[in-house]
Amino acid sequence: MPPPPARPQGVTSLPHQCSVLLRRLAASRSLTSSSFLRALRCLHARLLTSALLHAPPHPHLTLRLIHLYTLSGDLPAAATLFRADPCPVAATSLVAAYAAAGRLPAAVSFFDAVPQARRDTVLHNAVISAYARASHAAPAVAVFRSLLASGSLRPDDYSFTALLSAAGHLPNISVRHCAQLQCSVLKSGAGGVLSVSNALVALYMKCEALEATRDARKVLDEMPDKDALTWTTMVVGYVRRGDVGAARSVFEEVDVKFDVVWNAMISGYVHSGMVVEAFELFRRMVLERVPLDEFTFTSVLSACANAGFFAHGKSVHGQITRLQPNFVPEAALPVNNALVTLYSKCGNIAVARRIFDNMKSKDVVSWNTILSGYVESSCLDKAVEVFEEMPYKNELSWMVMVSGYVHGGFSEDALKLFNRMRAEDVKPCDYTYAGAISACGELGSLKHGKQLHGHLVQLGFEGSNSAGNALITMYARCGAVKEAHLMFLVMPNIDSVSWNAMISALGQHGHGREALELFDRMVAEGIYPDRISFLTVLTACNHSGLVDEGFQYFESMKRDFGIIPGEDHYTRLIDLLGRAGRIGEARDLIKTMPFEPTPSIWEAILSGCRTSGDMELGAHAADQLFKMTPQHDGRWVDAARVRKLMRDRGVKKEPGCSWIEAGNKVHVFVVGDTKHPEAHKVYKFLEMVGARMRKLGYVPDTKVVLHDMEPHQKEHILFAHSERLAVGFGLLKLPPGATVTVLKNLRICDDCHAVMMFMSKAVGREIVVRDVRRFHHFKDGECSCGNYW
DNA sequence: ATAGGGTTAG
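Residues numbered from 1 in each chain as written. Chains lettered and ligands numbered in written order. Predicted model: local features only at pLDDT ≥ 70, side-chain atom pairs only at ≥ 80, totals over all residues. Heavy atoms only, no water.

- The name given to chain A in an unreviewed UniProt entry is DYW domain-containing protein, with Sorghum bicolor as the source organism.

If you want it as structure tokens, here you go:
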């Protein structure tokens, strides 16, 4: 018996043993779905890393460790190991892992870290596909070109697959372009490869041209083998082209229906807003025992969230919970993301947060979902918290935050963030620009707005509708109606939002008739007006005093367009009537409303009464309003006491008198002369005060509602301002001779009888109060008045 | 070590 061959030296060394173990661990594919295995891998990787700290460096081992780390989801650890030796194989793993996590810049950095001479085809492929995944066509093509230009390297079928996929993200991809690509694929000999053909089908389906579907079909018919993805590609392609019917017939054509095709069809219905059909298909899937996977659930959950079928969504949630053990963390990720969306859309942000917190792995989408959940629930401070806490952000995170700021009235912060974004070298997308432009509009900063317009043009975002619409609004807000109109004229494809913006622009500047004409033209051009359009029209009528026209459009909205007027439409109409002194009609209108009057309806009535001097109705409206407004939370001046004082002094609901309601909703009834050249500043300032108030967190859901900033009102505008702390408060102007006891947080100017309310935090601070003509300087309880101009 | 399609955030 021959002796066993002697072991080669060094094989039993620690690195070698580890290497064997690692290879086994990484290869245990059958257990991939177990999160336990992932944890185990991670644990092993960590143990080995520390064990090998003092062992001699071993390239193979490092590679295996990197692979293990990427498999177990510990990307930073993998990246650290890579930096010690930037080899192409490790880079490939990392590029793929980071791209899969949606972190493109990091993914590309690994490619960059490998010296050009060491980059191989596989690494190039990984980068091309990383760019393709992130829909960045141009850089993907550039990397492909560099692969060709290298001389020593040749693209393989992976390269072509990734390239074709990237090409699908090119804007206006043409059939000719596709054919050219097909040609070069054939020439390279990658023509018969399934994945390449699938990518080609997808590419043709992405062309806008009608005949492109024929070409796609031709490729498909010539394919010797087709798999689930081939059919899915066709279904998805048709859905993208807006042809759900064709998608459905492809779906029916497939004999053996793979679950992927079902999922594609369901998500197709969801995207087309055909929620009923989506659910129908989902039911059939269950009946036919097609395995439901995370994609199915994600689509169905998204359907529930979009359609507002929250109860249904919750029952699907239950179903998922029963299946949870079968879900791998990375598979459950999109499902969890969809769940977070569902709960935050149905207003249950707390549950959304709980799901988010319990998620084992989170990606950019998860963070963005919870971020926008907070933004939509007007919890801006929470949103900011999340934003700063996010381990990684993408363009969308910034966009959500910028537009969230604008939406919440924090235009200054929006612009600040926008600037920070550029300082951090993040390229804003057109939506972000739209947000920043709206912020300029809100702040009335034409100069800055124009500047951004310039950047937009430079960046080639000219054709963007969101940015264009924001520009129309911005120009209108800044008083540049001509520019707004010009924008409206040059925009390549105006949508209903553009029309609404332009109608509103005209209305704002008192061109009521033109606004109505534009509305008629919109309808004549076949654009269906929505509820916003009518809101805009009513506002335009309001600004120009077109009472009868307002009524006509209101009637037409119900009769011709089947839009049920909401609270906001009634409010506008009542406001319109009130301004025209036709308060009686407004009162009659309330009775015909299909719902009980809301606070804003009473506010409109109240301000109408102020104009017409209808004391009786005004008193009634005020009483209703007070009844409805929630109690203050103790941090504010007791509005009830002030009200009582006013009543006691016989100043209740006097025309021209403005007042405040404290509580969860703070109404700042500003009575002002808007013709004054400085008036718009006051207006902006008050908005800012409201915004800051919320930001400071004094009263969570505070809304500052401004009233009576119309040209025909000519009274004082009073407001308060502190250099350090802008405080939210309201102002009462009492008639001369009225005496009011000073409450804890209340001060009165003896000279002009302005009553100020401060938050307790502001008491004792130096507060400067100005009105348009006078200023009040409060210090140590003293008030000095003087002329401001 | 890399790939094609479908899911989630606006």
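**Quick notes on the UniProt feature "repeat: PPR" (unreviewed entry) in chain A**
And step 1. UniProt annotation of "repeat: PPR" (unreviewed entry) refers to residues 227-257, 258-292, 363-393, 394-428 and 495-529 when read in the numbering used here.
And step 2. Note that residues 258-292 is 74% helix and 0% strand, and that its end C-alpha atoms are spaced 11 Å apart.
And step 3. The span residues 394-428 carries 74% helix and 0% strand; its end-to-end C-alpha distance comes to 10 Å. (UniProt positions renumbered as here; feature names shortened; annotations may be inferred. Helix = DSSP H or I, 4+ residues; strand = E, 2+ residues; numbered from the N terminus.)

**Some words on the protein's contact with DNA strand B**
And step 1. Close to DNA strand B lie 41 residues; D120, R240, V260, F295 and N337 are nearest.
And step 2. Counting only the atoms of DNA strand B that lie within 4 Å of the protein, the sugar and phosphate share comes to 42%.
And step 3. Here a base nitrogen of DNA strand B and a side-chain polar atom of N198 are 2.7 Å apart.
And step 4. The contact in question runs from a phosphate oxygen of DNA strand B to an N or O atom on the side chain of H271, over 3.4 Å.
And step 5. Broken down by class, the residue content of the surface near DNA strand B amounts to 13 nonpolar, 23 polar and five charged. (Near = heavy atom within 4 Å. Polar contact = N/O pair within 3.5 Å; in protein donor to acceptor, adjacent residues only side chain to side chain. Nonpolar A, V, L, I, M, F, W, Y, C, P; charged D, E, K, R; others polar.)

**Overview of the environment of Y343**
And step 1. Within the fold, Y343 resides in helix α19 (residues 329-345).
And step 2. Exposure remark for Y343: the relative accessible area of 7% places this residue in the buried category.
And step 3. Expressed as a C-alpha distance, the spacing of Y343 and I355, which sit twelve residues apart in the sequence, is 9.1 Å.
And step 4. The residues contacting Y343, other than those within four sequence positions of it, are K314, H317, N348, I349, V351, A352 and I355. (Buried < 20%, exposed > 50% of the residue type's maximum accessible area, 1.4 Å probe, protein only. Contact = heavy atoms within 4.5 Å.)

**Structural notes on the pattern of salt bridges**
And step 1. Under the defined criterion, the tally for this structure stands at 20 salt bridges.
And step 2. Taking the shortest distance from any N to any O, the salt bridge between R420 and E424 comes out at 3.1 Å.
And step 3. It is possible to trace a salt-bridge network through shared partners that takes in R248, E252, R284 and E288. (Salt bridge = Lys/Arg side-chain N within 4 Å of Asp/Glu carboxyl O.)

**A word on helix α10 (residues 175-188)**
And step 1. When the terminal C-alpha atoms of α10 are compared, their 20 Å separation across 14 residues agrees well with the 20 Å that a helix rising 1.5 Å per residue should span.
And step 2. For α10, the complete set of buried residues consists of V175, C178, L181 and V185. Taken down its axis, α10 places every buried residue within 120° of arc, on the same side. The exposed set on the far side of α10, more than 90 degrees from its buried face, consists of R176 and K187.
And step 3. On its buried face, α10 sits against α9 (157-167), α11 (194-206) and α12 (212-222).
And step 4. Remark: G189 follows α10 within two positions and exhibits a positive phi of approximately 90°. (Expected span 1.5 Å × (residues − 1). Arc of directions from axis to C-beta.)

**Comments concerning a nonpolar patch on the surface**
And step 1. The grouping of L486, L489 and V490 at the surface amounts to a nonpolar patch, some 310 Å² of accessible area in total.
And step 2. Assessed through its relative accessible area of 54%, L489 is described here as exposed. (Patch = residues over 30% accessible without salt bridge, like charges linked within 9 Å, V, L, I, M, F, W, Y side chains within 5 Å. Areas by Shrake-Rupley, 256 points an atom, 1.4 Å probe, with all protein chains shown as cover.)

**What about unusual backbone geometry?**
And step 1. We note that S135 has phi near 55°; this positive angle belongs to a residue other than glycine.
And step 2. With relative accessibility at 38%, the residue S135 sits in the partly exposed group.
And step 3. Non-glycine residue S378 carries a positive phi angle of around 60°.
And step 4. As for its position among the elements, S378 is in the loop between α21 (364-376) and α22 (380-389).

**Digging into the environment of L220**
And step 1. By the element assignment, L220 lies in helix α12.
And step 2. Since its relative accessible area comes to 0%, L220 is described here as buried.
And step 3. In this structure the C-alpha to C-alpha distance between L220 and M234, which are 14 residues apart in sequence, comes to 8.9 Å.
And step 4. Setting aside residues no more than four positions away along its own chain, L220 makes contact with V201, K226, T230, W231 and M234.

**Brief notes about the packing of helix α30 (residues 512-524) against helix α32 (residues 547-561)**
And step 1. Contact pair α30 / α32: the axes reach a minimum separation of 12 Å and the direction vectors enclose 15°. If you check the angle between α30 and α32, you find them roughly parallel. Crossing of α30 against α32: the hand is left-handed. Residues R513, L516, F519, D520 and V523 of α30 touch α32, and the partners they reach there are E549, Y553 and F561.
And step 2. Of the residues in the contact of α30 with α32, the class split is five nonpolar, no polar and three charged. (Axes fitted to C-alpha atoms, helices over the stretch in contact; angles between N-to-C directions. Parallel < 35°, antiparallel > 145°, perpendicular 65-115°, else oblique. Left-handed = near helix turned anticlockwise from the far one by under 90°.)

**So, the packing of aromatic side chains**
And step 1. The full count for this structure, using the stated rule, is 17 aromatic pairs.
And step 2. Taken together, a centroid distance of 5.0 Å and an interplanar angle of 45° make the contact between Y98 and F110 tilted. With a gap of twelve residues between them, Y98 in helix α5 (residues 88-100) and F110 in helix α6 (residues 104-113) connect regions that are remote in the sequence.
And step 3. A relative accessible area of 5% places Y98 in the buried class.
And step 4. Ring geometry for F554 and Y570: centres 5.2 Å apart, planes at 70°, overall edge-to-face. With F554 in helix α32 and Y570 in helix α33 (residues 567-579), this pair connects stretches of sequence that are 16 residues apart. (Phe/Tyr/Trp six-rings, centres within 6.5 Å; stacked < 30°, edge-to-face > 60°.)

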